[in-house]
Amino acid sequence: MNKLTSLLINLAFFLEGSTRYKKIKQFFYNLLENEHYKYKKYFDYMMMFIIISSITIIIEEVDHPIYYWLNIYDIYIVTTIFIAEYLLRLWVSDDRRKIVIEEFENSVFLGTQFNTKRVLKRIWLSIKDYILSPFAIIDLLAILPAYREIRILRIFVLFRAFKMFRYSKNTIQFLEVITSKKTELTILFLLVLFIVFISGVSLYVFEAKTNPNVHTLLDAFYWAFVTISTVGYGDITPQSNEARVFTIIIILSGLGLISFFTSIIVSSFTEKIDEIKEAKTLTKIDRLSYYYLICGYSHLAELLAQKLKNEKKPFVILENDPDKFEEIQKRGYLCIKEDASKKEVLEKIQLKEKVKAVVCLAQDDIHNIFIALNIRSISKSIPIISRTFSKNSYKKLELAGVDYIVSPYQTAGLMASKIITQPIAVEAISDILSKKKNAVCDEVEVLKNSFIENKRIKDIELDKYKLILLGVRRIDENGKKFYFNPKDDFVLKEGDLLIIMGYSISVSYFKSLVIESSLKYARFRK
Amino acid sequence: MQDSENNILLIGYGRYGEKIARFFNKENLYIVEINEKNLQRARHDKFEKIFLIEVGDDETLLQILSQKKFDYIFCALDNEEENVFFTITIKTFEKNIKIIAICESKESERKLKLAGADKVIDTMEGSASKIFHLIEKPAVMEAIEEILFEDEDIDIREVEIPKNSFLEGKYIKDIDLKKDYNLILIGIIDKERGNNFVFITKGINHKIDAEDILLIIGYKEDIKRFIRDLKERE
């Protein structure tokens, strides 16, 4: 016993200390269980292929001789893969070394003897937990058909089909829906058992002697179930009047049971439909490399969403109100019916990893402040833009961490003040901003080794590209600075942003030239 | 910002009105309100020429309009429907008066234009554009804000070419405002080609005539020098 104990402890600590072991385990965990892991889906496809091929082989085998190598493939390779998968899943399902370490530390702390028995028991319990989980049972049963000597085991081939569920998220959701109604389904099942039992026994009692088709109690139960399910094959029919009267009652109760069953399934689906939709949206979000987050669906959000959609920029809307949520869905935008002021929500949508900027457009300032604070509690760096309603909220929004505050009232005031003296200027600027006349303002970064790096403004000859340079934004040790209309001998440095104006074709042409020249240099260096 | 005799009538001192009022001279600004509370705020903000009228009280409105000559009227009530109503009311009295109306949606913009508003400011559209640029091209937005509002020395100006000025008869490509005046030429309204504003980047080589309007951006000093030269140099 002592030897075993020290072996156990040493092993546990060795594994705990080995980064390689942890890395390998993490890899298998990702491959088998982690939905977000890139390569999991290829593993899933491979497993599906193996399952389908093995089922096909077994069906073929029923009345055709099978090729030798196919047989080998089915019996040895498929089974080996299944067994390996089963064991790997068992392995990654829990960190069992931690049980040993925890017990050891406890025993050192309390000064008691290390209880090997209890540790082994706990490890066994953890293993048992896995073995008895529904998916593990299916996995195990799917391995059994490899043993060809017992014919009944072939039935378990079907479990290989069941196993496919594991690799499809939709079916897992379906199972989750069903299991959420466990109590109702149990009641239904007991009810069915009860009625089958009563009616089976009664038929047996009434007709076992007279009816040529009813020989055993099993026949009677079989008949009862066929009747109650409203299938009614008709191979066994009640002959006596008593039994027929009784059958009418069974049929009526059968109808009730069927509708009960249907209603359970339907209601559980309607209850879960939001969750299913949300899961779908989350998978879509998962596929995006970045996106903008819009909190609240006000009129302003609607306009913003339209603009983003036109530019094919990915965005997600958070909206709690059911009516608005439906409206957003009708428009086909990605939307989650949640309150943006909850922390879990923001974690769920991978705020930290994927969101490029957050726009708070809730119905009032209080809510916007709340959302901004919540986002700041998770990420300090994500830019937050918020709308404000009242002039008194500026300070508060800034304190809450909002980077830019947009006030439609303020904008209106500024525009109104300029529109009288400079109507053309206002129009030109709003044309540029809304891209009405195809004229745009854009930023072009001075990329490393591009043809504009370390050049004087004069030498770039922007007018050759039909572009106007409004200014250059440079970030240096003193922070951001905007150089308006720089002089001809202003030298551009890497990282500067040129603010240019022109028609969208000229702008994108110039941009592509800059990028290309930078890439070309990199390729040339190689 | 305005010449001293330009009178402006501002209808509404709600959330929009108070922001607009801030940009104008108190001397020339007349405020009409339909809500007693808002009117009190206007009084509190030290505006003196304020009037309370009821919706549909055309007589009082007509009286105000006839007393003074207004260059511009702002319809800036918080309620879009009331803006439409005031626009149409004023236009029935006086066709030639210039009305600038505030709205929050495309729907109301259409109605206001039908009602006769000369300019409609869609605040929501503007804000949406602003947010879009803030998240997609923040440097552009910052630059525009800097040019338009923050840097007091920079201005956007429409400059009409006077008769016999040194630019008359020249082609756009032959003049270099940047070298001579450190100005950026954005666009031009060419009288010959119809009164449309054309961005300079379209690449059309306009011939500059008298009465054409150039849209330029630059430091105020430079603009002043340019305008002075336009008038003096031949």
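None of these values were measured; they are calculated from a predicted model.

1. Description of the overall build of chain B
Move 1: Of the regular secondary structure elements, chain B holds 9 helices and 10 strands.
Move 2: For chain B, restricting intrachain contacts to residue pairs at least 6 apart in sequence, the fraction spanning at least 24 positions comes to 56%.

2. Re the overall build of chain A
Move 1: Within chain A, the secondary structure is distributed over 22 helices and 10 strands.
Move 2: Classification of the 526 residues of chain A by burial places 44% in the buried group.
Move 3: Within chain A, contacts between residues at least 6 apart in sequence are counted, and of these 63% link residues at least 24 apart.
Move 4: Carbon and sulfur atoms provide 62% of the accessible area of chain A, an area that totals close to 30,000 Å².

3. Looking at the confidence of the model for chain A
Any segment with low pLDDT has predicted coordinates that should not be analysed in fine detail.
Move 1: With 96% of its residues at a pLDDT of at least 70, chain A reaches an overall mean of 85.
Move 2: When pLDDT is averaged over each helix and strand of chain A, the minimum, 69, is found for helix α8 (residues 157-166) of chain A and the maximum, 93, for strand β1 (residues 291-295) of chain A.

4. As for the sheet that holds strand β6 (residues 119-122) of chain B
Residues and elements named next belong to chain B.
Move 1: Pairing within the open sheet is parallel, and its 6 strands lie in the order β3-β2-β1-β4-β5-β6. In this open sheet, the two strands that pair with only one neighbour each are β3 (50-52) and β6. Within this sheet the neighbouring strands show an average axis-to-axis angle of 20 degrees, counted without direction.
Move 2: Alignment of strand β1 (residues 8-11) against strand β4 (residues 72-75), held across 4 bridges, turns out to be parallel. The residue bridging L9 from the neighbouring strand is I73, located in β4.
Move 3: Its contacts with the sheet put helix α4 (residues 80-93) on β1, β4 and β5 (98-103), and the angle it makes with β5 is roughly 170 degrees.

5. A closer look at the interface of chain B and chain A
Move 1: The interface of chain B with chain A comprises 67 residues on the first partner and 70 residues on the second.
Move 2: At the boundary of chain B with chain A, total buried surface from both sides reaches about 6,600 Å², with 71% on carbon and sulfur atoms.
Move 3: At the boundary of chain B and chain A, one finds 5 salt bridges.
Move 4: Here chain B is connected to chain A by 14 residue pairs in polar contact (both at pLDDT 80 or more).
Move 5: It is helix α6 (residues 123-136) of chain B that contributes the most residues to the side of chain B that touches chain A, 13 residues altogether.

6. As for the pairing of strand β5 (residues 384-387) of chain A
All names here are of chain A.
Move 1: Both faces of β5 are covered, namely the face carrying I384 and S386 and the face carrying I385 and R387.
Move 2: Two elements, strand β4 (residues 355-360) and β5, share 3 bridges in a ladder whose sense is parallel. Bridging from a neighbouring strand, V358 pairs with I384 of β5.
Move 3: A crossover links β4 with its parallel partner β5, the connecting element being helix α17 (residues 365-378), and its sense is right-handed.
Move 4: When β5 meets strand β6 (residues 404-406), the two strands line up parallel, connected through 3 bridges. Directly across from S386, in β6, lies its bridge partner I405.
Move 5: Crossover connection from β5 via helix α18 (residues 394-399) to parallel β6: handedness right-handed.

7. Points about the sheet that holds β5(A)
Move 1: Sheet architecture is open: 6 strands sit in the order β3-β2-β1-β4-β5-β6 (chain A), paired in parallel fashion. Each edge of the open sheet is held by one strand with a lone partner, namely β3 (334-336) and β6 of chain A. When strand polarity is set aside, the average angle formed by the axes of neighbouring strands in this sheet is 20 degrees.
Move 2: Taken strand by strand, α6(B) contacts β1, β4, β5 and β6 of chain A, and its axis lies near 165 degrees from that of β6(A).

8. Things to note about the packing of helix α5 (residues 97-110) of chain A against helix α6 (residues 116-131) of chain A
Residue and element names in this part refer to chain A.
Move 1: The contact between α5 and α6 brings their axes to 10 Å, and the two run at 150 degrees. By the criterion of interaxial angle, the relationship of α5 to α6 is roughly antiparallel. Of the two elements, α5 crosses α6, and the hand of that crossing is right-handed. Side by side, α5 and α6 meet where I99, V100, E102 and E103 of the first sit next to R118, V119, R122, I123 and S126 of the second.
Move 2: Among the residues making up the contact of α5 with α6, the classes are represented as 4 nonpolar, 1 polar and 4 charged.

9. As for the side chain of R387(A)
Move 1: In this fold, R387(A) is placed in strand β5.
Move 2: E104(B) is the oppositely charged side chain nearest to the buried, salt-bridge-free R387(A), at an N-O distance of 5.1 Å.
Move 3: For R387(A), the contacting residues outside a window of four places in its chain are L300(A), C360(A), L361(A), D365(A), N368(A), L397(A), V406(A), P408(A), Y409(A) and M124(B).

10. Looking at the pattern of salt bridges
Move 1: Applying the stated criterion across every chain, the model contains 41 salt bridges over all chains.
Move 2: With its nearest N and O atoms 3.6 Å apart, the salt bridge here joins E16(A) to K22(A).
Move 3: Overall, the relative accessible area of 34% leaves K22(A) in the partly exposed class.
Move 4: Between E142(B) and K480(A) there is a salt bridge whose closest N-O contact spans 3.3 Å. In this pair, E142(B) is assigned in helix α7 (residues 138-150) and K480(A) in strand β9 (residues 479-484), connecting two distinct chains.
Move 5: What makes E142(B) partly exposed here is its relative accessible area of 21%.

11. What to know about the packing of aromatic side chains
Residue and element names in this part refer to chain A.
Move 1: Tallied over the entire structure, the rule returns 28 aromatic pairs over all chains.
Move 2: Relative to Y45, the ring of Y42 lies with its centre 6.5 Å away and its plane at 75 degrees, an arrangement referred to as edge-to-face. Here Y42 pairs with Y45, and both are found in helix α3 (residues 40-61), just 3 residues apart, close to one helical turn.
Move 3: Overall, Y42 belongs to the partly exposed group, its relative accessible area being 48%.
Move 4: For the pair Y465 and Y509, a centre-to-centre distance of 6.4 Å together with 50 degrees between the ring planes defines the contact as tilted.

About the criteria used
- Residues numbered from 1 in each chain as written.
- Chains lettered and ligands numbered in written order.
- Predicted model: local features only at pLDDT ≥ 70, side-chain atom pairs only at ≥ 80, totals over all residues.
- Heavy atoms only, no water.
- Helix = DSSP H or I, 4+ residues; strand = E, 2+ residues; numbered from the N terminus.
- Contact = heavy atoms within 4.5 Å.
- Buried < 20%, exposed > 50% of the residue type's maximum accessible area, 1.4 Å probe, protein only.
- Areas by Shrake-Rupley, 256 points an atom, 1.4 Å probe, with all protein chains shown as cover.
- pLDDT = per-residue confidence, 0-100.
- Pairing = 2+ DSSP bridges.
- Axes fitted to C-alpha atoms, helices over the stretch in contact; angles between N-to-C directions.
- Buried area = accessible area lost by both parts, 1.4 Å probe.
- Salt bridge = Lys/Arg side-chain N within 4 Å of Asp/Glu carboxyl O.
- Polar contact = N/O pair within 3.5 Å; in protein donor to acceptor, adjacent residues only side chain to side chain.
- Right-handed = clockwise from strand over helix to strand, strands pointing away.
- Parallel < 35°, antiparallel > 145°, perpendicular 65-115°, else oblique.
- Left-handed = near helix turned anticlockwise from the far one by under 90°.
- Nonpolar A, V, L, I, M, F, W, Y, C, P; charged D, E, K, R; others polar.
- Lys, Arg positive; Asp, Glu negative; His and termini not counted.
- Phe/Tyr/Trp six-rings, centres within 6.5 Å; stacked < 30°, edge-to-face > 60°.

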